[in-house]
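Notes for the structure review
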Amino acid sequence: VVGLNAGTVWYCDGEACAELTTPQTGVQVGWDTAFSALHARFSLAGAQPEVLLGTENGNVQYYNGSQWTALGAYWPQSVSQLEVQWSATPGAAPQCVVALSTAEVLYYTGSDTAGQEGWV
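Residues numbered from 1 in each chain as written. Predicted model: local features only at pLDDT ≥ 70, side-chain atom pairs only at ≥ 80, totals over all residues. Heavy atoms only, no water.

1. Section: the pairing of strand β11 (residues 95-100)
Here strand β10 (residues 79-85) pairs with β11 via six bridges, running antiparallel. Within β11, the position partnered with Gln81 by the bridge is Ala99. As defined by bridge partners, β11 adjoins strand β12 (residues 105-108) across four bridges and the pair is classed as antiparallel. Considered in β12, the bridge of Ala99 is made with Val105. With antiparallel pairing between neighbouring strands as the criterion, β11 and β12 make up a hairpin whose turn holds four residues, including Ala103 at a positive phi of roughly 70°. (Pairing = 2+ DSSP bridges. Helix = DSSP H or I, 4+ residues; strand = E, 2+ residues; numbered from the N terminus.)

2. Notes on the nonpolar core
The nonpolar side chains of soluble globular proteins are, as a tendency, buried together. Leu52, Val60, Leu71, Leu82, Cys96, Val98 and Trp119 are the most contacted members of the largest nonpolar core, which totals 15 residues. Elements with a contribution of two residues or more to this core: β8 (60-63), β10, β11 and β12. Per element, the largest residue contribution to this core is three residues, and it comes from β11. With residues up to four places along the chain from it excluded, the contact list for Val60 reads Leu52, Leu53, Thr69, Ala70, Leu71, Trp75, Val79, Val98 and Trp119. In terms of nonpolar packing, the next biggest core, distinct from the first, is built from eight residues, Leu20, Val51, Leu53 and Trp68 among them. (Core = buried A, V, L, I, M, F, W, Y, C linked by side-chain atoms within 4.5 Å. Buried < 20%, exposed > 50% of the residue type's maximum accessible area, 1.4 Å probe, protein only. Contact = heavy atoms within 4.5 Å.)

3. Comments concerning the packing of aromatic side chains
Across all of its chains, the model carries two aromatic pairs by this definition. Geometrically, the ring pair formed by Tyr11 and Phe42 is tilted, given 6.2 Å between the ring centres and 35° between the ring planes. Of the two residues, Tyr11 sits in strand β2 (residues 9-12) while Phe42 sits in the loop between β6 (35-41) and β7 (50-55), which places them 31 residues apart along the sequence. For Tyr11, a relative accessible area of 13% puts it in the buried group. Measuring from centroid to centroid gives 4.8 Å for Tyr63 and Trp68, while their planes differ by 45°, and the two rings are tilted. Taken as a pair, Tyr63 and Trp68 share a single burial class, namely buried. (Phe/Tyr/Trp six-rings, centres within 6.5 Å; stacked < 30°, edge-to-face > 60°.)

Rendered as structure tokens:
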């Protein structure tokens, strides 16, 4: 799995490479910004990986193997570091810690708690 500066994410399975898209719309996903952090988890043979990424424009996105989901709010600062704890259930949102360029550290619980979109 690689993230390109154009804001697209590609997966290569050893035989071919393809952009990870949301198949319901067929739309190629791009954020028009470079990625500052990217983690991937491979599980089943032939299945697409799970991907968690942070962008330079303060966006955290999760790919569950079939579609992209924004995890909570966007920040005006770039994501400078991203660490992940994958769920025991493939496809379930992971928990993660994000460091922003302003030295703020945030934790994503994996679900929306107390109306904070999962971030504490």
